[in-house]
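Overview (structure and organization)
What follows is each chain in one-letter form.
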Amino acid sequence: MYKNYQEQKQNTCLICFKNLNDAVSLFSLFSFNKILCDNCQKQFKKIDKIELINEIETVFLYEYDEFMKSLIFQYKGCYDIALKDVFLFNHLNKLKRKYKGYTVIFPPSNKDENDKRGFIHIKEMVRCLNLPIEDLFFKNTPYKQSSFKFKDRYKVEKVITLKEKTTITNKKYLIVDDIYTSGSTLKTIIKILLNHGVKKENIKALIICKTKNNVEL
């Protein structure tokens, strides 16, 4: 695990630790600041899908499969902050162009878990976009989304709220989340923004991975 990731050499894959100079492919020759080996890059099952969620353009990058499940667990559950850049790496230049001028916001995560791991996982994921980031929301009741059955996910609307003394302006907001299952979290944040006067055209969403329809985490 990469607990002391800043001390690690930059010539190894962040996932499998293979030397990035081994078995260099044609694609690799044109890849700058490479952080993943070709084999690990192929494990990401891209879907590059766009849907309207409550009339908001939402981009989905990957399928939530066993590889992604394991990777997110290692990042969030094992506190492996070195993995923070791997989730957006394959799309980075495109995303920077697409969301230029946006401010990134994200769903609240459990404070106790954030304190244990020493970082807010989505906040660290999006730093590579070089966009302004605002931490606007908190959970008024400790809970895990996975603790709700699929049919009860709508209850998250009663849990997520704005932090005190938070001001929402009509700037452009990009909502980023790691896993999309029922969409309840995303819909709740969209509703909060709209209720505070943000125009629909100034809201977009980016989801790292999407589960299959009606599949529990």
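The following paragraphs examine the structure supplied in this document. It should be emphasised that the depicted structure is a prediction, and the values quoted were computed from it without experimental measurement.

1. Looking at the pairing of strand S2 (residues 56-63)
Across the 8 residues that make up S2, a large majority, 6, are buried. Between strand S1 (residues 46-53) and S2, which pair antiparallel one after the other, the connecting turn spans 2 residues, and Asn54 there sits at a positive phi close to 50°.

2. Description of the environment of Lys84
Topologically, Lys84 is positioned in the loop between helix H3 (66-77) and helix H4 (92-98). Classification of Lys84 as buried rests on a relative accessible area of 14%.

3. Side note on the packing of aromatic side chains
Within this structure, the stated rule accounts for 6 aromatic pairs. For the pair Phe44 and Tyr62, a centre-to-centre distance of 5.1 Å together with 50° between the ring planes defines the contact as tilted. Remark: Tyr62 occurs in strand S2 and Phe44 occurs in the loop between helix H2 (38-43) and S1; sequence separation between them is 18 residues. Each member of the pair Phe44 and Tyr62 is classed as buried. On the basis of an interplanar angle of 75° and a centroid distance of 5.2 Å, the ring pair of Phe44 and Phe67 is categorised as edge-to-face. Linking Phe44 in the loop between H2 and S1 with Phe67 in helix H3, this pair joins segments that are 23 residues apart in sequence. We note that Phe44, like Phe67, is buried. By the ring-pair criterion, three or more aromatic residues cluster together here, those being Phe44, Tyr62 and Phe67.

4. Section: the pattern of salt bridges
By the definition in use, this model includes 13 salt bridges. When the shortest N-O distance is used, the salt bridge between Glu51 and Lys49 registers 3.2 Å. The class for Lys49 is partly exposed, based on a relative accessible area of 40%. One salt bridge connects Lys76 with Asp178, and the closest N-O pair in it is separated by 3.2 Å. Here Lys76, found in helix H3, pairs with Asp178, found in strand S6 (residues 173-180); they are 102 residues apart in sequence, far enough to count as distant. For Lys76, a relative accessible area of 23% translates into the label partly exposed. Ionic contacts of the salt-bridge type, sharing partners, join the residues Glu57, Lys98 and Lys204 into one network.

5. Thoughts on the pairing of strand S7 (residues 203-210)
When you tally the buried positions in S7, you get 8 out of 8 residues, the bulk of the element. Sheet analysis places S6 next to S7, joined by 7 bridges and oriented parallel. In the strand pairing of S7, Val176 is matched with Leu206.

So, how was this worked out
- Residues numbered from 1 in each chain as written.
- Predicted model: local features only at pLDDT ≥ 70, side-chain atom pairs only at ≥ 80, totals over all residues.
- Heavy atoms only, no water.
- Buried < 20%, exposed > 50% of the residue type's maximum accessible area, 1.4 Å probe, protein only.
- Helix = DSSP H or I, 4+ residues; strand = E, 2+ residues; numbered from the N terminus.
- Pairing = 2+ DSSP bridges.
- Phe/Tyr/Trp six-rings, centres within 6.5 Å; stacked < 30°, edge-to-face > 60°.
- Salt bridge = Lys/Arg side-chain N within 4 Å of Asp/Glu carboxyl O.

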